[in-house]
Amino acid sequence: MDLSTELRKYLLDNGATEVGFADMSEVTILKGLNTGVVFYIAYPKDILKRMDDAPTMEYVLKLVEMNKELDKLGMLSEEYLKNKGFDAYAQTKIRLGTDFGDDNSFELPHKTFATKAGLGWIGKSALLITEKYGSAIRLSSVLTNAPLETATPITESKCGECNLCQRACKAGAISGKNWNYLSKRNDFYDDKKCEKYMLKITEKKLGKPDTVCGKCIHACIYTKRYYQSKN
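The sections below set out a description of the structure shown in this document. Being a predicted model, the structure only gives us computed values, none of them experimental.

Right, let's talk about the sheet that holds strand β3 (residues 88-90) for a bit. What the four strands build is an open sheet, ordered β1-β2-β6-β3; its pairing is antiparallel. Each edge of the open sheet is held by one strand with a lone partner, namely β1 (18-23) and β3. Strand-to-strand twist across the sheet, computed as the mean angle between neighbouring axes with direction ignored, equals 25 degrees. Note that β1 and strand β2 (residues 35-42) share six bridges and pair antiparallel. Within the sheet, the bridge partner assigned to Asp 23 lies in β2 and is Thr 35. Lying on the sheet, helix α3 (residues 57-83) is in contact with β2, β3 and β6 (137-144); it crosses β2 at an angle near 150 degrees.

Here it is in structure tokens:
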């Protein structure tokens, strides 16, 4: 079994929903670490079905739990690759912290790994959209110099004329424009409007301001197909 197959199986066996590998040489932030490992966990269907009036407390609690699981997977991946003789750096939430900067984004977002690994595209909501799970996922990533078999990147949106997330967004943060790989996030999405609304709605509904919502996730047609499916 080759290294890519072994690592993918290892992460899936430890709880990842999907795993991909990407050529990150054009965007890497760590010299020499030009390959990306990216993985995600999908939200359970039952939680998504009860998100008509998002945000819900069970959604927030699950989000926190999933972040911990993703950090664990990141460290497992890093350790696995180092034991094979390669360098690796897991972009865990603990390491990256909570200061996203003025743009509310990490220097090298997990979503960039995912589009370059062919796992999905960036939706009008600025979230990664996958064919099978929509935007109902949480991501993490690892940079490495291991010779993994990378995939063909996805460079254009598949959202087309769909604007369900835009209509669901009470913040007015979603413009309705489609993403492509040359896009900057603020070309089609206003993170400041989103953050302002999230802080307001969570204080009102959950008793404490937080930067979570979930309305656009629940509204996405790909997400709906996932949580309404019987298998």
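Structure's up, so let's keep going.
The subject of this paragraph is the environment of Leu 119. You can see Leu 119 is positioned in the loop between α5 (110-116) and β4 (121-122). A relative accessible area of 16% means that Leu 119 is categorised as buried. Along the sequence, Leu 119 and Glu 131 sit 12 residues apart, while their C-alpha atoms lie 8.5 Å from each other. Setting aside chain neighbours within four positions, we find Leu 119 in contact with Glu 18, Val 19, Gly 20, Val 38, Tyr 40, Ala 114, Ile 129, Thr 130 and Ile 154.

Listed in full, the buried residues belonging to helix α9 (residues 221-228) are Tyr 222, Thr 223, Tyr 226 and Tyr 227. The arc enclosing the buried residues of α9, seen along the axis, measures out at 125 degrees, which places them on a common side. Exposed side of α9, more than 90 degrees from the buried face: Arg 225 and Gln 228 are the residues found there. Close packing links the buried residues of α9 with β2, α2 (45-49), β4, β5 (128-129) and α8 (215-219).

What counts, and where the lines are drawn
- Residues numbered from 1 in each chain as written.
- Predicted model: local features only at pLDDT ≥ 70, side-chain atom pairs only at ≥ 80, totals over all residues.
- Heavy atoms only, no water.
- Pairing = 2+ DSSP bridges.
- Helix = DSSP H or I, 4+ residues; strand = E, 2+ residues; numbered from the N terminus.
- Axes fitted to C-alpha atoms, helices over the stretch in contact; angles between N-to-C directions.
- Contact = heavy atoms within 4.5 Å.
- Buried < 20%, exposed > 50% of the residue type's maximum accessible area, 1.4 Å probe, protein only.
- Arc of directions from axis to C-beta.

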